[in-house]
Amino acid sequence: MADSDLNELRNLFGSNVQKVEGKWYLIDERVIRICYSKAHSRIGNERYFFGLQKDKYEDYKSKNVHVLFVCGNFTKTILVSNAILDNLLKGVDVANDGSWKFDIHQRNNQFELIVTGKQPLNVSPFRIKKAAPPSYP
């Protein structure tokens, strides 16, 4: 529901949130793409599965794009910048539907972003716990 997304984003980032299209939002000087996954649980490990359309990501990349991974609900959100994603996605093929596929594994409150063929990336420092997003270089 777009209206609930807007409300959740305002709770995380403040009132300066505008919808651009679909799951793409403008927050201050950033374009944010929301990606959702429900939890897929194993004992001691929750996993979340995401897809990100390459074409749309490339369209927005020049606009300081970030991806907000929502793991189950908005209490577990991870904000990853395009600088980090670009480095991680170098040489990674898209799936048949034109999207990159990501997994996030949660173990003991630690989050790892996993892309096939790449080393897992600890994204715990990018977890949003307050109203302000983490800053990136």
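Further up the page is the structure itself.
The following refers to the structure shown. Going along each chain's sequence as written, the residues are numbered from 1 onward. Local features in this predicted model are restricted to residues of pLDDT 70 or higher, and side-chain atom pairs are both shown and tallied only at a pLDDT of 80 or more, whereas totals for entire chains, interfaces and linings draw on every residue. Only hydrogens and water are set aside; all other atoms, that is, all heavy atoms of the structure, feed into the side-chain values.

## Some remarks on the side chain of H66
- Looking at where H66 falls in the secondary structure, it is placed in strand β6 (residues 65–71).
- In terms of polar contacts, H66 uses its side chain to reach the backbone carbonyl oxygen of N64, at 3.1 Å. In DSSP terms, a helix is any run of H or I states spanning at least four residues, a strand is any run of E spanning at least two, and both are numbered starting from the N terminus. Two N or O atoms count as a polar contact when they lie within 3.5 Å, although within protein this holds only if one can serve as hydrogen donor and the other as acceptor, and sequence-adjacent residues are included solely when both atoms are side-chain atoms.

## So, the packing of aromatic side chains
- Put simply, two rings from Phe, Tyr or Trp (the six-membered ring, in Trp's case) pair if the centres are within 6.5 Å, and we call them stacked under 30 degrees between planes, edge-to-face over 60, tilted for the rest. Within the structure shown, the criterion is met by 5 aromatic pairs.
- On the basis of an interplanar angle of 80 degrees and a centroid distance of 6.2 Å, the ring pair of Y36 and F74 is categorised as edge-to-face. Note that Y36 is positioned in strand β3 (residues 30–37) and F74 in the loop between β6 and β7 (77–81), a separation of 38 residues in sequence.
- Relative accessibility decides the category of a residue: with a 1.4 Å probe and only protein chains considered, values under 20% of the type maximum give buried, values over 50% give exposed, and everything between is partly exposed. Residue Y36 is classed as partly exposed on the basis of its relative accessible area of 36%.
- Joined through ring pairs, the aromatic side chains of F50, F69 and F102 make up one cluster.

## Describing the sheet that holds strand β4 (residues 40–42)
- Here, strands pair whenever DSSP counts at least two bridges between them. Ordered in space as β4-β5-β8-β9-β10, the 5 strands form an open sheet in which the pairing is antiparallel. Edge strands, defined here as strands with exactly one partner in the open sheet, are β4 and β10 (121–122).
- Across 8 bridges, the pairing between strand β5 (residues 45–53) and strand β8 (residues 99–107) is antiparallel. Within the sheet, the bridge partner assigned to F49 lies in β8 and is D103.

## Some points on the nonpolar core
- Grouping buried Ala, Val, Leu, Ile, Met, Phe, Trp, Tyr and Cys residues that are joined through side-chain atoms within 4.5 Å yields what is termed a nonpolar core. One finds F69, I78, L85, F102 and I104 to be the most contacted residues of the largest nonpolar core, which totals 26 residues.
- Residue assignment for this core shows that the elements contributing at least two residues are β3, β5, α2 (54–60), β6, β7, α3 (82–89), β8 and β9 (110–114).
- For this core, the element with the most residues is β6, which contributes 4 residues.
- Not counting residues up to four positions away in its chain, the partners in contact with I78 are V67, L68, F69, C71, I104, F111, V123, F126 and R127. Pairs of residues are marked as contacts when any of their non-hydrogen atoms sit within 4.5 Å.

## Thoughts on the pairing of β3
- With respect to burial, β3 is a largely interior element, 6 of its 8 residues being buried.
- Here 4 bridges tie strand β2 (residues 24–27) to β3, and the two strands are oriented antiparallel to one another. Opposite Y25, over in β3, you have I32 as the bridge partner.
- A loop of 2 residues connects β2 with β3, the two strands running antiparallel in sequence, and D28 in this loop sits at a positive phi of about 55 degrees.
- For β3 and β6, the ladder comprises 7 bridges, and the chain directions are parallel. Bridge assignment links C35 to a residue of β6, and that residue is F69.

The quantities given are spatial measurements derived from coordinates; they are silent on function.
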